[in-house]
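Now for the letters of each chain:
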Amino acid sequence: MAKWGMVIDLDKCTGCQACTTACSMENNTLPGESWQDVLFYHEGEYPSAQMKWLPRPCMQCENPSCVHVCPTRATYKDPDAGGIVFVDWNKCIGCKYCMIACPYGVRFYADEKPLIEPDIREAYPSDNGQLWSPPYQNPEEDWQRGIGIQPPGVVSKCTFCYHKVKHAPEGVVDLDEDNPEVKEYVPACVRTCAPKARYFGDLDNPESQVNLLIGDRHGVRLKDHTGNRPQVYYLGAGASVPAFTPADREHDA
Amino acid sequence: MNISMKDMQTRTQANVLQGPLGWGLLVAAGVVLLASLAFALIQLMTSGHTSFNTSSTLPWGQPIATYLYFALASSGLGLIASLPLVFGFKQYYPVAKRCIFLAFIVLISGMAVLALELGNVFRMLWAIPLNLQVQSAMFWMGVFYALDLLFLLWKFSKLQGGEWDSKTAKQVGIASFIGVLLASGNLALIFGMMSMRPFWFDALLPIYFYFTGVTSGVAALVFFTYLAHGFQRERMPPALQALLTGALPKLFAALIGGTLLFIAVRAITGLYSNNPEINLVWTGYLFASPLYNASLLLGLVLPFVVMLSASLRNRAGVQVLVACLVFLGLFAERFYFVVGGQVVPLFHGTWQPGLISYTPSATEWSLTFVGISLCFVLYLLGEKFLNLGDMPRHMAEAPAGAQANTA
Ligand code: SF4
Ligand code: SF4
């Protein structure tokens with residue numbers, strides 16, 4: 001089985017948020033609960049200030065702390081699904097320990113105060129155990145893998161669009177949207193990325209495009225000190241997370 | 001037989017909670033419990049967790065802090081009960097039974113609050129045992145606290161049957177002591193092992209939790225013991241009076257001092273650290289909050305200073321006041337500990353320029369009140385029906401003077 005990995009080239013990324021939008025539509029996430037988000041930072045001061053941005057999906061860590069802490073095995077890493085980390089919505093008790101343990105802040109407990117008003121859950125109230133029921137819903141649903149619209153009281157997160165990826169023919173190394181044979185199986189954020197800043201493929205195959213890029217362009221993983229070893233790599237200048245400095249402290253920092 | 005009957009009677013009269021006052025308080029606590037529980041349940045059923053002020057960036061709020069407070073106070077009470085039952089500090093016998101009972105009900109109350117905080121409570125009952133995720137500290141928390149409850153119950157039933165010193169009572173006592181250490185130490189590791197949450201990441205957290213847990217346990221014990229006797233020490237049996245003017249206040253003073261020391265070293269290393277996820281929590285959140293500073297000064301520093309004076313610390317009124325202050329002070333400590341680990345945005349540079357702000361919602365407060373009032377209801381029932389002031393007969397019958405000597 002492949003080990004699915006993603007490479008995000010920050011030299012190409014324009015921070016346009018097309019990936020964020022595509023992900024929300026593909027996965028019917030609540031507005032604001034973005035499984036894939038682009039985070040913006042700035043560092044330094046005018047005239048030498050720098051604007052930085054960082055697209056951030058779930059890193060599908062090789063050594064995921066969210067899995068280690070989950071008391072019910074609701075969160076699990078599935079080697080047969082390319083090492084993607086899933087949340088089984090039938091098992092999650094909503095203790096939120098995984099959210100505490102994930103260093104990347106990519107998990108959502110959507111049963112919370114609406115991030116964006118008005119609360120869309122009131123416009124489309126649930127009628128079938130889901131947290132909300134919008135008129136258009138992705139027909140793919142698999143609660144054991146946290147795919148679909150989440151029910152109340154559980155945690156959700158990016159699944160690398162497993163409902164698409166799983167249809168890829170056995171043995172495919174690169175899921176490249178330029179290849180008509182496989183483009184339907186490419187994760188939504190990768191497929192939609194206009195400047196083609198994202199790549200998706202098999203990290204276990206040395207010939208895969210993702211591995212070649214990681215080797216040639218010094219791919220880095222974020223917050224490597226936590227030992228989580230993401231399956232998402234970043235290329236280009238500024239592939240890091242700046243230390244947090246609150247706005248009103250920037251001057252004395 | 002005659003003597004013990006008489007003995008029972010004197011104690012029955014001595015304990016005001018067994019009379020009409022107890023009923024009155026029980027009704028009052030019951031009303032608060034029903035009201036807060038009803039409010040919480042209605043909120044949870046109509047708007048779910050949207051009635052909490054927690055969020056995906058700050059998932060653990062006041063209900064978790066409340067649970068933590070109760071669980072650790074229970075462990076503290078369990079450890080104090082081990083003083084006479086395991087380690088032979090005889091002067092603590094007069095509070096042993098009350099301690100164990102309190103440990104049991106405080107833990108039950110904490111668990112009730114935690115249950116109401118979870119997204120899917122009942123699923124827990126099968127999902128945790130069936131999946132045996134032994135890597136998870138939270139799995140072990142369930143195991144150890146369940147064992148703790150079991151041993152407390154067992155130990156209580158031994159004392160209830162008048163077995164203070166038998167071999168099995170001792171063995172159960174030792175098992176219970178170990179259970180308490182495992183449970184609360186493991187609870188500390190739930191936070192202490194999170195390298196991605198540097199404010200909590202601390203190998204010595206179990207020691208900090210033991211220490212502060214015992215401090216809150218003593219606060220609860222002092223308060224409830226006085227409550228049982230209408231806040232009048234003269235109504236207490238001599239052996240209990242001797243304890244409350246002898247070993248216990250000294251222990252209480254030392255515990256508050258130790259707690260302060262722990263907070264001080266955490267604060268000093270935290271302020272010294274360059275890591276914003278530690279030092280900003282101290283400067284930008286804890287010490288920037290008037291409420292935190294007030295709770296530290298009034299809830300721990302002031303009680304410590306007062307308890308340093310031998311004449312003050314032996315006064316009944318002072319002890320009750322200090323117990324209440326320490327109760328509030330440590331509750332605040334737990335709250336700021338739990339929230340403090342999360343206020344620095346983890347990975348959200350985006351439009352999150354400041355620390356994440358959080359104030360508990362009405363529903364979250366109602367859960368805290370559920371915990372407190374449940375504790376009172378169970379405690380008052382215990383005082384009524386279980387003779388919590390019981391002690392080994394030779395102590396109960398000894399004159400006051402002899403007690404002072406054993407103390
Ligand atoms: S990024 Fe977070 S949620 Fe995703 S696998 Fe890693 S630890 Fe788990
Ligand atoms: S919230 Fe759900 S997935 Fe997360 S640790 Fe708890 S049970 Fe596991």
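Residue numbers run consecutively from 1 along every chain, following the written order of its sequence. Labels follow written order: the first chain is A, the first ligand is 1, and so on. With the structure being a predicted model, the display of local features is reserved for residues of pLDDT at least 70 and the display and counting of side-chain atom pairs for 80 or more, all residues being used for whole-chain, interface and lining totals. Each side-chain value is derived from all of the structure's non-hydrogen atoms; neither hydrogens nor water enter the calculation.

### A closer look at the layout of surface pockets
Taking a probe equal in size to a water molecule and rolling it over the atoms shows the remaining empty space. All names here are of chain B. Only protein atoms enter the 1 Å grid used here, on which a cavity is any set of points holding a 1.4 Å probe that cannot leave and a pocket is any open set flanked by protein within 12 Å on both sides along at least five of seven lines; residues with an atom within 4 Å of a point are listed as lining. Grid points are joined across faces, edges and corners, and a volume is the space filled by probe spheres set on the points. Here the largest pocket is characterised by a volume of approximately 1200 Å³. Contributing to the lining of the largest pocket are 48 residues, with A115, E117, L118, G119 and V121 lying nearest its centre. The element contributing the most residues to the lining of the largest pocket is helix α6 (residues 137–160), with 7 residues. Among the residues forming the lining of the largest pocket, the class breakdown is 33 nonpolar, 10 polar and 5 charged. Only DSSP runs of H or I with at least four residues qualify as helices, and only runs of E with at least two residues qualify as strands; both kinds are numbered from the N terminus onward. In this count, Pro and Cys sit with the nonpolar residues alongside Ala, Val, Leu, Ile, Met, Phe, Trp and Tyr, while Asp, Glu, Lys and Arg are called charged and the others, Gly among them, polar.

### Some remarks on the sheet that holds strand β7 (residues 232–235) of chain A
Residues and elements named next belong to chain A. When DSSP finds two or more bridges between a pair of strands, those strands are recorded as paired. Read across the open sheet, the 3 strands follow the order β6-β1-β7; overall the sheet is mixed. Strand pairing shows two members of the sheet lacking a second neighbour, β6 (198–202) and β7, which therefore form its edges. Taken pair by pair, the neighbouring strands of this sheet meet at an average axis angle of 20°, ignoring direction. In what follows, a contact means two residues having at least one pair of non-hydrogen atoms within 4.5 Å. Convention adopted: a line fitted to C-alpha atoms gives each axis, helices being fitted over their contacting stretch, and angles between N-to-C directions are expressed from 0 to 180 degrees. Sheet strands touched by helix α7 (residues 209–216): β1 (4–9), β6 and β7. Its angle to β6, the strand with the most contacts, is close to 115°.

### A look at helix α12 (residues 290–308) of chain B
Residues and elements named next belong to chain B. With 19 residues, α12 extends 26 Å from end C-alpha to end C-alpha; this agrees with the ideal 27 Å at 1.5 Å per step. What is called the bend at a residue is the angle between a pair of axes, fitted to the seven residues leading up to and ending at it and to the seven starting from it. Along α12, the sharpest change in direction is near 30° and occurs at V301; proline P303 comes one to four residues later. Each residue is placed in one exposure class: buried if its accessible area under a 1.4 Å probe, protein chains only, is under 20% of its type's maximum, exposed if it is over 50%, and partly exposed if it falls in between. For α12, the complete set of buried residues consists of Y292, S295, L296, G299, L300, P303 and M307. Those residues of α12 that are buried are in contact with α10 (247–272), α11 (276–286), α13 (310–313) and α14 (316–340). Expected helix span is taken as 1.5 Å per residue step, with the number of steps being one fewer than the number of residues.

### Description of the environment of B:L380
Residues and elements named next belong to chain B. Tracing the sequence through the fold places L380 in helix α15 (residues 362–385). Taking the relative accessible area as the measure of exposure, L380 reaches 2% and is therefore buried. Separated by 234 residues in the primary sequence, L380 and A146 have C-alpha atoms spaced 23 Å apart. Setting aside chain neighbours within four positions, we find L380 in contact with L17, G22, L25, L26 and A29.

### Re the side chain of A:T72
Summarising the element assignment, A:T72 is placed in the loop between α2 (65–69) and β4 (75–78). Residues adjacent in sequence count toward polar contacts only when both atoms are side-chain atoms; beyond that, a polar contact is any pair of N or O atoms within 3.5 Å, and within protein one must be able to donate a hydrogen and the other to accept it. Looking at A:T72, its side chain comes within polar contact range of the main-chain nitrogen of A:A74, at 3.1 Å. Once residues within four sequence positions are removed from consideration, A:T72 is found in contact with A:K91, A:I93, B:A127, B:I128 and B:N131.

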